[in-house]
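Results of the structural survey
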Amino acid sequence: MRQGIHPAYGPVVFRDRAANYAFLTRSTMTSEKTVEWEDGHTYPVVDVEISNVSHPFYTGTARVLDTAGRVERFERRYGKKG
């Protein structure tokens, strides 16, 4: 590999706020925010919206989004079909 062209690869904590779950892994992602991990070291932390703990595919629970307002607004704007 050529030197100086690859991003830094190091330990990063990924935190899923929805499920209150965090895991330590290695990545090229960086962050200004840091967190003290269980081992006493401080690592950069990246907040993610979804992980294997909160994803419906892995958990077996589907989330229902409130789309009624959108559908009603669409029907008012363009009229009902039929």
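What comes next is a walk through the structure. This structure is a prediction, so every number in the text was calculated from the model and none was measured.

**Focus: the packing of aromatic side chains**
- This model, assessed by the stated rule, comprises 3 aromatic pairs.
- Both rings, one in Tyr 21 and one in Phe 23, keep their centres 5.9 Å apart while their planes meet at 35°; by these two values the pair is tilted.
- Taking the relative accessible area as the measure of exposure, Tyr 21 reaches 34% and is therefore partly exposed.
- For Phe 23, a relative accessible area of 29% corresponds to the partly exposed category.
- Aromatic ring contacts, followed pair by pair, group Phe 14, Tyr 21 and Phe 23 into a single cluster.

**With respect to the pairing of strand E1 (residues 10-16)**
- By the criterion of burial, E1 is predominantly enclosed, with 5 of the 7 residues buried.
- Of the strand pairs in this sheet, E1 and strand E2 (residues 21-27) are connected by 7 bridges, and their pairing is antiparallel. Residue pairing in the sheet places Val 13 in a bridge with Leu 24 of E2.
- In terms of strand pairing, E1 meets strand E4 (residues 42-48) through 4 bridges, oriented parallel. Across the sheet, Val 13 pairs through a bridge with Val 45, a residue of E4.

**Comments concerning the side chain of Asp 16**
- Its location among the elements puts Asp 16 in strand E1.
- Side-chain polar atoms of Asp 16 contact the backbone nitrogen of Ala 18, separated by 3.1 Å.
- Leaving out residues up to four positions away in the same chain, Asp 16 has contacts with Tyr 21, Val 48, Glu 49, Ile 50, Ser 51 and Ser 54.

**Some words on the pattern of salt bridges**
- Enumeration over the complete set of coordinates arrives at 3 salt bridges.
- For Asp 47, the salt bridge identified is with Arg 17, shortest N-O distance 3.6 Å. Of this pair, Asp 47 sits in strand E4 while Arg 17 sits in the loop between E1 and E2, placing them 30 residues apart in sequence.
- With a relative accessible area of 30%, Asp 47 lands in the partly exposed category.
- The class for Arg 17 is exposed, based on a relative accessible area of 56%.
- Between Asp 47 and Lys 33 there is a salt bridge, with its nearest N and O atoms 2.7 Å apart.

Quick notes on the rules
Starting afresh in each chain, residues are numbered from 1 along the sequence in its written order. For a predicted model such as this one, the threshold for reporting local features is a pLDDT of at least 70, and the threshold for listing and counting side-chain atom pairs is 80 or more; totals across whole chains, interfaces and linings nevertheless cover every residue. By convention in this description, side-chain values take in all heavy atoms of the structure and omit both hydrogens and water. Centres within 6.5 Å are what make two rings of Phe, Tyr or Trp a pair, Trp counting through its six-membered ring; a difference in plane orientation under 30 degrees is then read as stacked, over 60 as edge-to-face, and the rest as tilted. Relative accessible area decides the class of each residue, using a 1.4 Å probe on protein chains only: under 20% of the type maximum gives buried, over 50% gives exposed, and in between gives partly exposed. A run of H or I in DSSP counts as a helix once it spans at least four residues, and a run of E counts as a strand once it spans at least two, with each numbered from the N terminus. A strand pair is defined by DSSP finding two or more bridges across the two strands. Polar contacts, as used here, are pairs of N or O atoms within 3.5 Å; protein pairs need one atom able to donate a hydrogen and one able to accept it. Residues neighboring in sequence count only if both atoms are side-chain atoms. Contact definition: two residues touch when any of their heavy atoms are within 4.5 Å. Every case where a carboxyl oxygen of Asp or Glu lies within 4 Å of a side-chain nitrogen of Lys or Arg is listed as a salt bridge.

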